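Notes for the structure review
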Amino acid sequence: MDESPYHLFANYGEKDSIFPKTVVEKNGFYRSWKPYLFASGFYDFILGKESYFEFQNKISTLAEEPNGVSLALSCMVEVNVAGGILLHSKYPNPGSHFVWDAFLGVTPPIILSVGVSEPGFEGKIKKLQSSVTSEKLTGIKSFVTNGGEANYIFWVTKKENVNPVYIVPIPKETNHPCVVTKESFHTDFTPLVSHLKIQVKDLPISSGSILIDDYGELGLELRLKELCSLVSLLIGKTKVLSTYDSDLNLERNKLIQWKESFLHGFDGNPIKEKLLEGFPYPILPLLLTVTRYYQLEKPEDLKTIDPDWQLFVWEDSLTKYLTQLKKRNQTS
């Protein structure tokens, strides 16, 4: 990795940068960086060329840079979640389906997103309402990460007691007759990451667009991958701070050692059972040390220093379920 995108951040947005901000504003943040990420091997893990540990080290290094947490999150979600679905799909081998081009460096870049969240589903897959009838999709997805720039959504639906996943091209037409709502938005934390809210009614999809017959238990594995990756992002984000404070440096080194010992033995794509062994992942001691460093009362207050800290303290119902599941497994 002699040539890497990391150092480009130093001049990001400046007129003499080889990657000026105007390019991003035209093409989208993640889309603009994908060629650099591909050239630097950020998709090697999903292509079977390196270990999960090596991938985690790369996104950790990326998170050290200004704006790096936003880019690391976009990359992490596409690899962990969209890539994770592909690895469990009917097309598990790179190149076996055209959507694999998202990880093969094609030009122009292709971006994959995943649609799970729906209004009122509360993190429970069984509450999803999106459905496909007679090769027509009807449903809504309220928080599709990378969706504002994506070409495709891996749309999780409901069919009786299972949850099929379909490849859904995102309609680009302004007044598409089957699109009820399509709204791109950003959050306060990782503000350069695009998200999408989209609702469709009777959107035609091909019979061959089904990827997985049942998302089911796979959702737990993918969420664990996301949470595990937050360890790497936090290690990266606290690198500079650790040079200013000995306690912070100590806790950061402890987390680095934990990550190395936990991930180093992973062979291939980490499965749910293996990921669950290390859950809940021990980021709290480092977060508390950062909180004390800034003389704040609780980690939730860190967002007043930098909204990106909110990424590490936000908790959803699925995360709570995973915590309960781990406790049950320990007592059984």
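First, a word on scope: everything that follows refers to the structure included in this document. (Residues numbered from 1 in each chain as written. Predicted model: local features only at pLDDT ≥ 70, side-chain atom pairs only at ≥ 80, totals over all residues. Heavy atoms only, no water.)

1. Focus: the environment of Gly68
Rules: Each helix is a run of DSSP H or I of at least 4 residues and each strand a run of E of at least 2, with the numbering of both proceeding from the N terminus.
Counting through the fold element by element, Gly68 comes out in helix H4 (residues 68-87). Considering only alpha carbons, one finds Gly68 and Thr190, 122 residues apart in sequence, at a separation of 8.9 Å.

2. Here's the deal with the pattern of salt bridges
To keep it simple, the criterion reads: Only one rule defines a salt bridge in this text: a Lys or Arg side-chain nitrogen within 4 Å of an Asp or Glu carboxyl oxygen. Only protein chains enter the area calculation, which uses a 1.4 Å probe; residues under 20% of their type maximum are buried, those over 50% are exposed, and those in between are partly exposed.
With the rule as written, the count across this model stands at 14 salt bridges. Across the pair Lys127 and Glu122 runs a salt bridge, and its minimum N-O distance is 2.7 Å. Exposure remark for Glu122: the relative accessible area of 48% places this residue in the partly exposed category. A salt bridge links Asp301 to Lys298; the shortest N-O distance between them is 3.3 Å. On the accessibility criterion, Lys298 (39% relative accessible area) is partly exposed.

3. Brief notes about the nonpolar core
Stated formally: For the purposes of this section, nonpolar cores are sets of buried Ala, Val, Leu, Ile, Met, Phe, Trp, Tyr and Cys residues that join through side-chain atoms within 4.5 Å. It only takes one pair of heavy atoms within 4.5 Å for two residues to be counted as in contact.
Formed by 94 residues in total, the largest nonpolar core has its most connected members in Ile85, Phe103, Leu112, Phe154, Tyr281 and Phe312. With 12 residues, the single largest contributor to this core is H4. Residues in contact with Ile85, not counting those within four places in the same chain, are Val114, Phe154, Val165, Leu211, Ile212, Tyr215, Leu218 and Leu222.

4. Thoughts on the sheet that holds strand E7 (residues 195-204)
Note the cut-off: Strands qualify as paired when DSSP identifies two bridges or more between them. Fitted lines through C-alpha atoms give the axes, limited to the stretch in contact for helices. The angle between two N-to-C directions lies from 0 to 180 degrees.
Spatial strand order, E2-E3-E7-E6: 4 strands in an open sheet with antiparallel pairing. On the outer flanks of this sheet lie strand E2 (131-133) and strand E6 (179-185), each paired with one strand and no other. Mean inter-strand twist for the sheet, computed between neighbouring axes without regard to direction, equals 15°. For strand E3 (residues 136-145) and E7, the ladder comprises 7 bridges, and the chain directions are antiparallel. For Leu137, the partnering residue across the bridge sits in E7 and is Leu203.

5. Thoughts on the packing of helix H2 (residues 29-39) against H4
We apply this condition: An angle below 35 degrees is read as roughly parallel, one above 145 as roughly antiparallel, one from 65 to 115 as roughly perpendicular, and any other as oblique. Classes in brief: Ala, Val, Leu, Ile, Met, Phe, Trp, Tyr, Cys and Pro nonpolar; Asp, Glu, Lys and Arg charged; the others, Gly included, polar.
Viewed as axis vectors pointing N to C, H2 and H4 meet at an angle of 75°, and their least axial separation amounts to 10 Å. With respect to their mutual orientation, H2 and H4 come out roughly perpendicular. Taken together, the residues of H4 that come into contact with H2 (itself represented by Phe29, Tyr30, Trp33, Lys34 and Leu37) are Ser70, Leu71, Ser74, Cys75 and Glu78. Along the lines of polarity and charge, the residues of the contact of H2 with H4 split into 6 nonpolar, 2 polar and 2 charged.

6. Some points on helix H5 (residues 218-237)
As a reminder of what qualifies: Each helix should span, by expectation, one fewer than its residue count multiplied by 1.5 Å.
Between the first and last C-alpha of H5 there are 29 Å, a value that for 20 residues agrees with the 28 Å anticipated at 1.5 Å per step. Of all 20 residues in H5, 20 are buried; the element is thus mostly enclosed.

7. Quick word on unusual backbone geometry
With the exception of glycine, the majority of residues adopt a negative phi angle, and the majority of peptide bonds are in the trans configuration. Here the amide bond leading from Thr107 into Pro108 is cis, since omega sits at -5°, within 30 degrees of zero. Looking at the element boundaries, Pro108 is found in the loop between H4 and strand E1 (112-115). The linkage connecting Phe279 with the following residue, Pro280, adopts the cis geometry, with an omega of 0°. At Glu135, a position not held by glycine, the phi torsion is positive, near 60°. Along the chain, the position of Glu135 falls in the loop between E2 and E3. Judged by its relative accessible area of 42%, Glu135 falls in the partly exposed class. With a phi angle near 60°, Gln295 is a residue other than glycine that sits in the positive phi range.

8. Looking at H4
With 20 residues, H4 extends 26 Å between its outermost C-alpha atoms, agreeing within 8% with the 28 Å of an ideal straight helix rising 1.5 Å per residue. Taking burial as the measure, the 20 residues of H4 include 19 buried ones, the bulk of the element.

9. Digging into the sheet that holds strand E5 (residues 165-169)
One open sheet accounts for 4 strands, arranged E1-E4-E5-E8; its pairing is mixed. The sheet is open, and its two borders are formed by E1 and strand E8 (210-212), each paired with just one other strand. Neighbour to neighbour, the strand axes of the sheet diverge by 30° on average, direction disregarded. Sheet topology places E5 next to E8; 2 bridges connect them, and they run antiparallel. When the sheet's bridge partners are listed, Tyr166 is paired in E8 with Ile210. In the packing of H4 onto the sheet, contacts are made with E1, strand E4 (152-156), E5 and E8, and the angle to E1 comes to roughly 80°.

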